[in-house]
Amino acid sequence: MERISIIMPTLNEAGGLRSVLVALPLTEHEELVVVDGGSSDHTMGIAGEFARLVIAGERGRALQMNRGAERSTGDILLFLHADTVPPPGAFALVREALRDERVVAGAFDLAVEHPAAWFRLIEWGANLRSRLTRVPYGDQGLFMRRTVFQRMGGFREMPLMEDIEMGCRLRRLGRIAFLRPPVRTHPRRWLAEGPLRTTLRDWSLALAYTVFGVRPERLARFYGDVR
């Protein structure tokens, strides 16, 4: 059975990290590699209870994910945000998707862990967008073979949009599979900044980057850090 490495970048995630890691159904065929970006709380201690490897490094999601991939041992890399839980049977679904030689990468649909109807609309819009554009966002649990990741040269180290940039390159290489069972992500950003404002801001930033070519360094100042 192919080994899966779950690469998780963290920064001050102690508040909810334990509940996420408890929900990961790890076996001897999977490993968790956590790459911290300079947390000032107990994130690294909590991660150490679950992860095969915890790496302390510099802040920057792309940089952290690249470092985790370099130190991991799996044939398949699954990049998972620290506030996101994969669905039951996720690892089997990942392996099955990548058995298709036409598939170069994949991601899951998105679900937000909040009962409000507004979040069902956010989910619907996010999942429709990813399927129409064939470009997943980072919070959808992007996965690919190590050989593909190496061929891509890893994530480009940029302050924002590293997931979309990678997705656009992968799309040119081959098919990206979108799996129906969703990952479940915490609604903290939408709750802190407001659902409508957050959604419109995120979509506007993505449009500015992909269509108008606005540099990520300029866009980053509009994207707040919510923990």
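Refer to the structure printed above.
Presented here is a report on the structure given in the accompanying data block. Nothing here was measured: the structure is a model prediction, and the numbers come from that model. (Residues numbered from 1 in each chain as written. Predicted model: local features only at pLDDT ≥ 70, side-chain atom pairs only at ≥ 80, totals over all residues. Heavy atoms only, no water.)

Focus on the overall build of the protein chain
Heads up, the condition is: Note on conventions: DSSP H or I runs of at least 4 residues are helices, E runs of at least 2 residues are strands, and numbering of each starts at the N terminus. Residue exposure (1.4 Å probe, protein chains only): buried if accessible area is under 20% of the type maximum, exposed if over 50%, otherwise partly exposed. The contact criterion used throughout is that any non-hydrogen atoms of two residues lie within 4.5 Å. Charged residues are defined narrowly, with Lys and Arg counted positive, Asp and Glu counted negative, and His plus the chain ends left uncounted. Where a charge sits is defined by one atom per residue type, namely NZ (Lys), CZ (Arg), CG (Asp) or CD (Glu).
In terms of regular secondary structure, the protein chain is built from 10 helices and eight strands. Across the 227 residues of the protein chain, 55% fall into the buried class. Put simply, of all contacts in the protein chain between residues at least 6 apart along the chain, 73% involve residues at least 24 apart. If the 32 positive side-chain charges of the protein chain are averaged to one point and the 27 negative ones to another, these points end up 5 Å apart.

A word on the pairing of strand 8 (residues 175-185)
The line we're drawing: We treat two strands as partners when DSSP finds at least two bridges between them.
Pairing of strand 5 (residues 84-85) with strand 8 involves two bridges; the strand directions are antiparallel. When the sheet's bridge partners are listed, V85 is paired in strand 8 with R184. Of the strand pairs in this sheet, strand 6 (residues 103-112) and strand 8 are connected by eight bridges, and their pairing is parallel. Looking across to strand 8, one finds that A105 is bridged to I176.

Re helix 4 (residues 90-97)
Within an α-helix, residues lying three or four positions from one another point in the same direction, as the helix has 3.6 residues per turn. Which entries qualify depends on this criterion: Working definition: the arc comes from the directions between the helix axis and the C-beta atoms, pointing outward to the latter.
Inspection of helix 4 places A90, F91, V94, R95 and A97 among the buried residues, and these make up the whole buried set. Mapping the buried residues of helix 4 onto a view down its axis gives an arc of 165°, with all of them on the same face. Contacts from the buried residues of helix 4 go to strand 1 (4-10), strand 2 (30-36), strand 4 (76-79), strand 6, strand 7 (142-145) and strand 8.

Section: unusual backbone geometry
Residues other than glycine seldom take positive phi values, yet N12 does so here, at roughly 50°. Its location among the elements puts N12 in the loop between strand 1 and helix 1 (14-22). Positive phi, close to 60°, is recorded for R134, a residue that is not glycine. The residue R134 is located in the loop between helix 5 (117-133) and strand 7 in this model. Relative accessible area serves as the criterion here: at 40%, R134 is assigned to the partly exposed category.

With respect to the pattern of salt bridges
The condition that has to hold: By definition, a salt bridge exists where a carboxyl oxygen of Asp or Glu is found within 4 Å of a side-chain nitrogen of Lys or Arg.
Summed over the entire model, instances satisfying the criterion amount to 20 salt bridges. Between R95 and E30 there is a salt bridge, with the nearest N and O atoms lying 2.9 Å from each other. On the criterion of sequence distance, the pair formed by R95 in helix 4 and E30 in strand 2 is long-range, its members being 65 residues apart. The burial state of R95 is the same as that of E30; both residues are buried. Notably, a salt bridge pairs R201 with D202, separated by 2.6 Å at the nearest N-O pair. One salt-bridge network, held together by shared partners, links R189, E193, R201 and D202.

Side note on the layout of surface pockets
Over the atoms, a rolled probe matching the size of one water molecule traces out where space is still vacant. For the record, the criterion: Here a cavity denotes grid points, spaced 1 Å and computed from the protein atoms alone, that fit a 1.4 Å probe unable to get out, and a pocket denotes an open set having protein on both sides within 12 Å along at least 5 of 7 lines; residues with an atom within 4 Å of a point are the lining. Grid points are joined across faces, edges and corners, and a volume is the space filled by probe spheres set on the points. Residue polarity is assigned by list, with Asp, Glu, Lys and Arg as charged and Ala, Val, Leu, Ile, Met, Phe, Trp, Tyr, Cys and Pro as nonpolar; anything else, Gly included, falls into the polar class.
Here the largest pocket defines a volume of roughly 1200 Å³. For the largest pocket, the lining is made up of 47 residues, of which R61, H81, L160, R189 and Y223 are closest to its centre. Looking at the lining of the largest pocket, the elements that each hand over two or more residues are strand 1, helix 3 (61-71), helix 5, helix 7 (162-173), helix 8 (188-193) and helix 9 (195-210). In the lining of the largest pocket, the residues fall into 24 nonpolar, 10 polar and 13 charged. Here the second largest pocket is characterised by a volume of approximately 330 Å³. I164, C168, A206, T210 and V211 are, among the 17 residues lining the second largest pocket, the residues nearest its centre. Elements represented by at least two residues in the lining of the second largest pocket include exactly helix 5, helix 7 and helix 9. Tallied by class, the residues present in the lining of the second largest pocket amount to nine nonpolar, two polar and six charged.

Some details on a nonpolar patch on the surface
Let me state the cut-off plainly: Patch construction takes residues with relative accessible area above 30% that form no salt bridge. Like charges are linked within 9 Å, and nonpolar side chains (Val, Leu, Ile, Met, Phe, Trp, Tyr) are linked within 5 Å. Methods summary: accessible areas were calculated by the Shrake-Rupley approach with a probe of 1.4 Å, and residue burial reflects only the protein chains presented.
Judged by side-chain polarity, W118, L121, W124, L128, L132, L196 and L200 come together as a nonpolar surface patch covering roughly 750 Å² of accessible area. Sorting the residues of the nonpolar patch by element identifies helix 5 and helix 9 as the ones contributing at least two each. Ranked by residues supplied to the nonpolar patch, first place goes to helix 5 with five residues. Of note, L128 is situated in helix 5.

The values are spatial; any link to function lies outside them.
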